[in-house]
Amino acid sequence: MSSFLRPSVSGQEMTEPSRIAAQYRAITSHLAIAPPVSVVIPAMNEAENLPYVFKTLPEWIHEVVLVDGNSTDNTVDVARELRPDVKVVKQVGKGKGDALISGFAACTGDIIVMVDADGSADGQEIVSYVSALVGGADFAKGSRFANGGGTDDMTTIRRLGNWVLCGLVNRKFGARYTDLCYGYNAFWRHCLDKITLDCTGFEIETLINIRVVKAGLKVQEVPSHEYNRIHGVSNLNAVRDGIRVLKVILKEKAVSKAARRRPAPFSVNVPRGEVS
């Protein structure tokens, strides 16, 4: 079955191929979309990895937003050489969460995709995320443990920690995730109006996953394969960042309980126009 999205026509029919092409970008032979797609890449000293990351990004991407975390190498120069139209955001604060929040604010696309700068994500998978969104999902969540996903870069300790924390989120918030701490995700821009992002570290991914569920947004998991970092060493610390993730989960649950205990506003049904 074809999933090609045809433009809605009001008035006269749009029969000129060039006009349709100007509004719709072909993604596959069976799928074309009108919504522009922004890709946000937080990076700090990733000059060696960016050529691999940019090479996998689809040509139909509307814009790439690189958030530079005060790199001391030539990360920004490499990005501009690879893609002259790249939008570079200089990060003011610190941490991956702060970088992503800054990047989201700079996006102009209707769809926003989060991609790591270490080369662990395959940009060609973006088509799967976009397909999930245009198919009706609000949030397309990458999963290394969904059927068809996988990972080359997870120790036994990290795998166990992810499993425990994921199970905790599922029980506490009624989610049905198979993966929790993964940074390859996509969502419609309007989702930012329904969730508040207010953390600075790696736990940003968990916070997003929890708050989209609490907001009642439709989530679809997308199988994804995580590859090894190509160059450099990750700043991720399994124990330190695992504790930060746990704190976010407990804090979000405490907020939910407080909201349930708060009494509902008192109201009286009075006909309009009548003063009592």
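About the criteria used
Residues numbered from 1 in each chain as written. Predicted model: local features only at pLDDT ≥ 70, side-chain atom pairs only at ≥ 80, totals over all residues. Heavy atoms only, no water. Buried < 20%, exposed > 50% of the residue type's maximum accessible area, 1.4 Å probe, protein only. Helix = DSSP H or I, 4+ residues; strand = E, 2+ residues; numbered from the N terminus. Pairing = 2+ DSSP bridges. Expected span 1.5 Å × (residues − 1). Phe/Tyr/Trp six-rings, centres within 6.5 Å; stacked < 30°, edge-to-face > 60°.

1. Quick word on helix 7 (residues 204-214)
For step 1, the next point in the chain: Here helix 7 lies mainly inside the structure; nine of its eleven residues are buried.
For step 2, the next point in the chain: In the segment just after helix 7, Gly-216 is the residue with positive phi, at about 75 degrees.

2. Let's talk about the pairing of strand 7 (residues 139-143)
For step 1, the next point in the chain: Counting buried positions over the five residues of strand 7 gives five, a clear majority of the element.
For step 2, the next point in the chain: In strand 7, alternate side chains face the same way, and those of Phe-139, Lys-141 and Ser-143 on one face and Ala-140 and Gly-142 on the other are all buried.
For step 3, the next point in the chain: When strand 7 meets strand 9 (residues 185-188), the two strands line up antiparallel, connected through three bridges. Residue pairing for strand 9: Phe-139 is matched across the bridge by Phe-187.
For step 4, the next point in the chain: Across five bridges, strand 7 lies against strand 10 (residues 219-223) in parallel orientation. In the sheet register, Ser-143 faces strand 10, and the bridge partner there is Pro-223.

3. Quick word on helix 6 (residues 156-173)
For step 1, the next point in the chain: With 18 residues, helix 6 ought to run about 26 Å at 1.5 Å a step, and its terminal C-alpha atoms sit 26 Å apart, in line with that.
For step 2, the next point in the chain: Taken together, the buried positions of helix 6 are occupied by Asn-162, Leu-165, Cys-166, Gly-167, Leu-168, Val-169, Asn-170 and Phe-173.
For step 3, the next point in the chain: Of the residues flanking the end of helix 6, it is Gly-174, one or two places downstream, whose phi is positive at about 75 degrees.

4. Remarks on the packing of aromatic side chains
For step 1, the next point in the chain: Taken as a whole and judged by the stated rule, the model has four aromatic pairs.
For step 2, the next point in the chain: When the centroid spacing of 4.6 Å and the interplanar angle of 25 degrees are considered together, the rings of Tyr-129 and Tyr-184 count as stacked. Separated by 55 residues along the polypeptide, Tyr-129 in helix 5 (residues 126-134) and Tyr-184 in the loop between helix 6 and strand 9 bring together distant segments of the chain.
For step 3, the next point in the chain: Classification of Tyr-184 as buried rests on a relative accessible area of 2%.
For step 4, the next point in the chain: Ring geometry for Phe-139 and Phe-187: centres 6.3 Å apart, planes at 20 degrees, overall stacked.

5. Describing the pairing of strand 1 (residues 25-28)
Note on strand geometry: in a regular strand, side chains alternate between the two faces of the sheet.
For step 1, the next point in the chain: Here three bridges tie strand 1 to strand 2 (residues 31-33), and the two strands are oriented antiparallel to one another. Among the inter-strand pairings, Arg-25 is bridged to a residue of strand 2, identified as Ile-33.
For step 2, the next point in the chain: Hairpin geometry of strand 1 and strand 2 is characterised by an intervening segment of two residues between the two adjacent antiparallel strands.

6. With respect to unusual backbone geometry
For step 1, the next point in the chain: Phi at Asn-45 is positive, roughly 55 degrees, even though this residue is not glycine.
For step 2, the next point in the chain: Counting through the fold element by element, Asn-45 comes out in the loop between strand 3 (37-43) and helix 2 (50-56).
For step 3, the next point in the chain: On the basis of relative accessible area, Asn-45 is assigned to the partly exposed category, the value being 34%.
For step 4, the next point in the chain: Notably, Asn-70 is not glycine yet its phi reads approximately 55 degrees, a positive angle.
For step 5, the next point in the chain: Take Asn-70: its relative accessible area is 47%, and that puts it in the partly exposed class.

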